[in-house]
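Spelled out, the chains give:
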Amino acid sequence: MRIVIAALILFSQMLALPALAQKKPPPPHTPTPPHTPAAPQRHVAFVSGRVLDENENPLPNVSVTILGRQSGLTTTDSGTFRIKVPSEKAIALVFSYTGYKTEQRNFLLNENEEEKIVVRLEPGAKALQQVIVQDQRDRQEAGLIKVNPKNAINIPTPVGGIESLLKIFVGSNNELTSQYSVRGGNYDENLTYINDFEVFRPYLVNNAQQEGLSIINPELTRSVSFYTGGFQARYGDKISSALDIQYRKPTEFGGSAYVGLLEQGLHLEGTAANNKFTWLVGARNRTNSSLLSSQETKGTYAPSSSDLQAQLGYQLNPRTQLELLGALSQTRFHLIPQSSQLTSSIFSPYYTANLGLDIFFDGQEKDSYQTNLLGLSLTQQLNPRLKFKWMASRFEDKEQQSQDIIGVYLFGDRDFDKTSSTFGQITNPLGAGAYQNFSRDRLNIDVYNATHKGYLSLKHHYLQWGLGIERQTVQSHLDEWQYQDSAGYSLPYVPGVPTVSNVVQGDQHPGITRTTGYIQDNLLFSDSARFTLQGGIRYNYNDLNNELLLSPRLGASWRPRSSKRDIIYRASVGIYDQPPFFREMLRPDGTLNTGLKAQRSWQVTAGFDQNFKLGERPFRFTTEAYYKNMSRVDPYDINNVHIQYFALNDAKAYATGVEFRLTGELVKDAESYLSLGFMRSMEKIDTFFNRYTIDSLGHPLDSTRTKMGWVRRPSDRLFNLGLYLQDYLATNKNLKAYLNFLYGSNLPFNIPGNLQYRNALTIDPYIRIDIGFSALLLDSEKSNRRSHSPFRNFENIWATLEVFNLIDRANTISYLLIKDFSNTTYAIPNRLTPRLLNLKLVGRF
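Caption draft 1: Inspection of helix 3 (residues 162-170) at higher detail. Most of helix 3 sits inside the fold, with 9 of its 9 residues counted as buried. Among all positions in helix 3, only Ile162, Glu163, Ser164, Leu165, Leu166, Lys167, Ile168, Phe169 and Val170 are buried. Once helix 3 ends, the next one or two residues include Gly171, with phi positive near 90°.

This is the structure we're talking about:
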């Protein structure tokens, strides 16, 4: 196998543009009687319409030919065409464009009949070289990363999915979650759209092991557009990233199925009613029992997650399309813990110790998360240049968390001498005690949305606008507390009174109505698109705190005419605001700050994108530098995946960095990615804390009032490296290998609720290597199969063996704080998953 750092390179055969149709000599002139209208053309008909790409953008210069003929025409700058075809006979039109799959449409038209159609071309699956030289719009937008969704089934990670591909570019510190942070932000700062409908994640999840399936089904996905910053005004009001997912529009019957130890799935698609009706259905089921049972906390794990998604479309007429998107998802998590053995090593100039913590549990945890989405859209192609889209949706989130777990622990030096009879046991106790975690939480969220979008294509302009109204209702009941007992004393210690800590209680029922809108123009200054400008503005108003936000955004790209290199320079600048939702307004005690204002930021991004060749293989190298200045920041602490906000606009922050991406193919038809990033993200909280002087008995003698300075933000990571490689044997393409490598430098860890000890701890660098091996069990040569074979309709079947955490690295996700008999606090790390094997079969038909 060749393991070489490479980039995304897609090779395919270049389609030659057909020659222009040559004019035939006119027939001899035949006089017509006076006052007699000219005779219509005989034995001809017409086909007209528009050609769009996978993002519903018009495609110019698409070749349109009649099957079997050399002559034809090409589409205009707005993607329109009108071609003369023979009547009273079956004919086929062939639509071809560099980097896209060829599309064929069949017709049988009456004399002088004209049929209007809309053709959507899909990117070629095996056309990397074409993709690199195709429509330059992908290279003109700052922060945009295009990802091939077909790689989601191959990337070896415990959770898989589209998000695992994104983590190659933005980094990760937790393989159990599909959530991600971008350029110093947190999980709540990312926008996600499916077919232009905004979708959300559960809010109460505290630990990644509670998570289920991502709402994005990779097997249904047609295109992935991921903006790491600098996105245009048509995307919503978050300050970190935007993920635009578009599901496929079927053209024929097909499907796929996969079965693995962790996840199983099935998807079917097809058409009916002369291709006017299309349907796309996917079902998945996931259980992480084998994955979670390998963790340090032993017990009975019963997690389950399943979902059903469907997309139905109907062509009401040649200019009107109706589409329905539905998604039902249910995740349950049940844990009966038994015991846990945690270990940490301490090295100092004074002593070295191997500290251990043994915990024995009683109780259980039961959680349930249910999300539903129903969206209806009506698209009207009023004329070749003007399109309207009307959308209505309802998103529902129902969550329940119930936990009542008691832990009895012993803390001290652990014996690691394998020759000793006390090997693995705590031989020198430093502390003992018990604790109880209790929660009874309920959360119901409903989001109703109605939106209108418009698209107008002019010669050098592409105007887009939108108006929307959204109603968000929340029904929340929170009841949480912790009880800690150390050597018979309740903590915090109040003589004669047992007390509980970390109390969260509240019943909240906020309702928010938001109105949003935007207008933007994508301007090409010449037909060659050497200089483009994208400008727009969006607004957001909510009736909870009556805050009106205006966010102008501007982007530009320039391709030097004189340069011999295929290089595009691009930049963007804009204001990005994030109005608060339920979690941002929730104080640590469970009350709600409804007066919280939006977090504000202005951002600048600049970089370049260059295509070049090494040998005969094309590569793409992208560099971007960015700066984000944030004000009215709502500070937060993060523990595992649980984000606890201060619910105050009392901080300012910044994030700055530079990113490098190299994409290409290690070998033909095997995409690979390399990403390297450097970043610094800091914050300054406008508050004070008391610093105490303690005597030898632990009693405070004096205190000073100290103002917070600049500290690292919870997601501040100086260095990120992501690598995804695909390869196969030079002598046998049916044996493939996949490598996923992630490295992230250390992260700060804050002591919850204690400003004095913000950044007090550091989480060690995250290092993760996963590898997969696939073998082709059944190829696409159907003619070699017997007629009664149950696999006669399958295109291919692959078997895959995956090794997660190949180097068996014990990565840390958080810390558990324990006090010994002398009231000294120790931080014991909570580890992530060890090495694990997974098997799966993938079939397509």
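Caption draft 2: Fine view of empty space enclosed by the protein. Taken as a whole and assessed by the stated rule, the structure comprises 8 cavities of 30 Å³ or more. Of the pockets and cavities examined, the largest cavity occupies roughly 510 Å³. Taken together, 41 residues form the lining of the largest cavity, with Asn173, Ser181, Ser715, Arg717 and Leu747 sitting closest to its centre. For the lining of the largest cavity, the elements supplying multiple residues, two or more each, are helix 3, strand 31 (636-639), strand 33 (651-667), strand 34 (670-685), strand 38 (719-729) and strand 40 (747-749). It is strand 34 that contributes the most residues to the lining of the largest cavity, 5 residues altogether. Grouping the amino acids of the lining of the largest cavity by side-chain chemistry returns 20 nonpolar, 17 polar and 4 charged. Taken as a whole, the second largest cavity spans an internal volume of roughly 380 Å³. Of all the elements in the fold, those that place two or more residues in the lining of the second largest cavity are strand 13 (254-260), strand 15 (277-286), strand 43 (796-804) and strand 46 (836-844). Classifying every residue of the lining of the second largest cavity gives 12 nonpolar, 10 polar and 8 charged.

Caption draft 3: A look at unusual backbone geometry. A positive phi is found at Arg183, a non-glycine position, where the angle reads about 50°. On the secondary structure map, Arg183 appears in the loop between helix 3 and strand 9 (190-194). Exposure remark for Arg183: the relative accessible area of 6% places this residue in the buried category. Look at Asp808: it is not a glycine, yet its phi comes out positive at around 55°.

Caption draft 4: How the structure looks around the pairing of strand 46. Bridge count between strand 13 and strand 46: 5 bridges; the pairing is antiparallel. Opposite Ser256, over in strand 46, you have Arg844 as the bridge partner. The pairing of strand 43 with strand 46 spans 9 bridges and is classified as antiparallel. In the sheet register, Ile797 faces strand 46, and the bridge partner there is Gly843.

Caption draft 5: Examining the packing of aromatic side chains more closely. Going through the model one piece at a time under the given rule, you end up with 29 aromatic pairs. Relative to Trp481, the ring of Phe438 has its centre 5.1 Å away and its plane inclined at 15°; by these criteria the two rings are stacked. In this pair, Phe438 sits in strand 21 (residues 426-457) while Trp481 sits in strand 22 (residues 461-486), placing the two residues 43 residues apart along the sequence. For Phe438, a relative accessible area of 16% corresponds to the buried category. Here the aromatic residues Tyr193, Tyr227, Phe231, Tyr235 and Tyr576 are joined through ring pairs into a cluster of three or more. Its end group placed over the ring of Phe46, Arg82 keeps NZ or CZ at 4.1 Å from the ring centre. A cation over a ring is seen here: Lys387 above Tyr455, with NZ or CZ 4.6 Å from the ring centre.

Caption draft 6: Structural view of a nonpolar patch on the surface. Nonpolar side chains collect at one region of the surface, where Leu312, Tyr314, Leu316, Leu322, Leu324, Leu374 and Leu376 lie side by side and expose about 550 Å² of accessible area between them. Sorting the residues of the nonpolar patch by element identifies strand 17 (304-317), strand 18 (320-347) and strand 19 (352-383) as the ones contributing at least two each. For the nonpolar patch, the leading source of residues is strand 17, giving 3 residues. Judged by relative accessible area, which is 31%, Leu322 ranks as partly exposed.

Caption draft 7: Broad picture of the sheet that holds strand 2 (residues 63-66). Ordered by their spatial adjacency, 4 strands build an open sheet running 3-2-5-6, and the pairing between neighbours is antiparallel. The sheet terminates laterally at strand 3 (72-74) and strand 6 (103-108), the two strands that pair on one side only. Pairwise comparison of adjacent strand axes, ignoring direction, gives a mean angle of 20° for this sheet. In terms of strand pairing, strand 2 meets strand 5 (residues 90-96) through 4 bridges, oriented antiparallel. Across the sheet, the residue bridging to Val64 is Phe95, located in strand 5.

Calculation criteria
- Residues numbered from 1 in each chain as written.
- Predicted model: local features only at pLDDT ≥ 70, side-chain atom pairs only at ≥ 80, totals over all residues.
- Heavy atoms only, no water.
- Buried < 20%, exposed > 50% of the residue type's maximum accessible area, 1.4 Å probe, protein only.
- Helix = DSSP H or I, 4+ residues; strand = E, 2+ residues; numbered from the N terminus.
- 1 Å grid on protein atoms, 1.4 Å probe; cavity = no way out; pocket = protein on both sides within 12 Å on 5 of 7 lines; lining within 4 Å.
- Points joined across faces, edges and corners; volume = space filled by probe spheres on them.
- Nonpolar A, V, L, I, M, F, W, Y, C, P; charged D, E, K, R; others polar.
- Pairing = 2+ DSSP bridges.
- Phe/Tyr/Trp six-rings, centres within 6.5 Å; stacked < 30°, edge-to-face > 60°.
- Lys NZ or Arg CZ within 6 Å of the ring centre and 35° of its normal.
- Patch = residues over 30% accessible without salt bridge, like charges linked within 9 Å, V, L, I, M, F, W, Y side chains within 5 Å.
- Areas by Shrake-Rupley, 256 points an atom, 1.4 Å probe, with all protein chains shown as cover.
- Salt bridge = Lys/Arg side-chain N within 4 Å of Asp/Glu carboxyl O.
- Axes fitted to C-alpha atoms, helices over the stretch in contact; angles between N-to-C directions.

That is the geometry; function is a separate question.
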